[in-house]
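Understanding the architecture of this molecule
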Amino acid sequence: MLRPARPLEKFLWHPLQAAAAFAFYAAFRILPLDAASAVGGWIGRALGPRLGLTDRARRNVRLAFPDLDDGGVEQVIRGMWDNLGRTVGEFPHLGAFDFGGPEARVEVEGFENFAALRDDGVGGIFFSSHLANWELGPAFAAFNGLELDMIYREANNRLVERLYMRGRRVFSGALIPKGASGARAVLTSLKRGRHVALMVDQKMNDGIAAPFFGRDAMTAPALGEFARHFDCPVSGVQVIRKRGARFKIRLTAPIRAQRSDDKAADVLDMTTRVNSQIEDWIRENPSQWLWLHNRWPD
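Values in this document were obtained by computation on a predicted structure and should not be read as measured data. Each chain has its residues counted from 1, running along the sequence as written. Local features in this predicted model are restricted to residues whose pLDDT is 70 or higher, and side-chain atom pairs enter the listing and the counts only when it is 80 or higher, whereas totals over whole chains, interfaces and linings include all residues. Computation of side-chain values: all heavy atoms of the structure, hydrogens and water removed.

On to the pattern of salt bridges, then. Two side chains that carry opposite charge are able to pair once their charged atoms sit near each other. Any carboxyl oxygen of Asp or Glu within 4 Å of a side-chain nitrogen of Lys or Arg constitutes a salt bridge here. Under the criterion given, the structure shown has 21 salt bridges. Salt-bridge contacts for Arg194 lead to Glu147; the nearest nitrogen and oxygen are separated by 3.0 Å. In this pair, Arg194 is assigned in the loop between helix H8 (180–191) and strand E5 (195–199) and Glu147 in the loop between helix H6 (136–143) and strand E3 (148–152), connecting sequence segments 47 residues apart. Classification of Glu147 as partly exposed rests on a relative accessible area of 44%. Here Arg194 and Asp149 are joined by a salt bridge, their closest N and O atoms 2.8 Å apart. With Arg194 in the loop between H8 and E5 and Asp149 in strand E3, this pair connects stretches of sequence that are 45 residues apart. Type-normalised accessible area, obtained with a 1.4 Å probe on protein chains alone, sets the label of each residue: buried when under 20%, exposed when over 50%, and partly exposed for intermediate values. Arg194 sits in the partly exposed class, given a relative accessible area of 26%. Where salt bridges share partners, they join Glu107, Glu109, Lys242, Lys248, Arg250 and Glu284 into one cluster. Numbered from the N terminus, helices here are DSSP runs of H or I no shorter than four residues, and strands are runs of E no shorter than two.

In structure tokens, the structure reads:
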């Protein structure tokens, strides 16, 4: 649940933040997609490494890749900010992406795995992470005729939240805020045989400890709990930035949760498998992951 905004935030800082966000959105919207991506990347590379928040990212990279020298760490950090800036620049253009054709901006690998979940007549779960342009996963589902109910984190600034909703108009399915009511909405969706999408690479303080890059990381157990309860298929969606505003989406073969007499062990097993899959994705393209999360706190 979001903290209620204080008066100074609500009536001064939030409108100023929203005005800046809408100005950037409008500017990127005017630019062609490739130019918006390039300008966003330039801004990210120029400003991001100078921010204090970047120290957390450097720490995370060193924890995940202890053999990487300082030059290698900085290369990952610079790439991360380039990718984040490009993702911001591409956000107003989500409707311009096409998927899977010979000239498409987004190549698709494993479409049969997506189709297996879409067409099996039962509910299912897709999981992903903050890699490359992570907004393309739900856009891909909508492009291919699947209504995907997506869990997301609401913006603290309600005015900026409107901007997010505008950019995500190309999605189909419900956008469900995180929290207790969101969990109930997901249960309802799966009961109705719908499909849901979860981003599962962020720290959750009241989650469960599961291995991630050789260290325990507090991870949301919801995916494992839902998958076990409904005995539904689970597929991963990896987004890879190939060059500029061109991508590959790779969909993993469906897996299912264990259903033994030990619920906690079954949920941990699924959570561990999912974390392992995401770790493999990050190792493949470390500069495309959002290292800013407080994934391994002291």
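The discussion continues.
Both cavities and pockets are sets of points on a 1 Å grid over the protein atoms alone; in a cavity a 1.4 Å probe fits but cannot get out, in a pocket the set is open with protein on both sides within 12 Å along at least five of seven lines, and lining residues sit with an atom within 4 Å of a point. Grid points are joined across faces, edges and corners, and a volume is the space filled by probe spheres set on the points. According to the stated counting rule, one finds two cavities of 30 Å³ or more in the structure shown. Around the largest cavity, the lining is made up of 16 residues, and of these Gly137, Pro138, Leu148, Ala197 and Val237 lie nearest the centre. Within the residue set of the lining of the largest cavity, elements represented by two or more residues are strand E2 (124–128), H6, E3 and E5. No other element matches the four residues that H6 contributes to the lining of the largest cavity. Amino acids outside the nonpolar list (Ala, Val, Leu, Ile, Met, Phe, Trp, Tyr, Cys, Pro) and the charged list (Asp, Glu, Lys, Arg) are all regarded as polar, and Gly is one of them. Of the residues contributing to the lining of the largest cavity, the split by class is 14 nonpolar, two polar and no charged. In this structure, the second largest cavity occupies an estimated 60 Å³ of space. Lining of the second largest cavity is provided by Val200, Thr219, Ala220, Leu223, Gly224, Met270, Thr271, Val274 and Asn275. Elements represented by at least two residues in the lining of the second largest cavity include exactly helix H9 (222–230) and helix H10 (263–284). The leading source of residues in the lining of the second largest cavity is H10, at four residues. Residues belonging to the lining of the second largest cavity are distributed by class as follows: five nonpolar, four polar and no charged.

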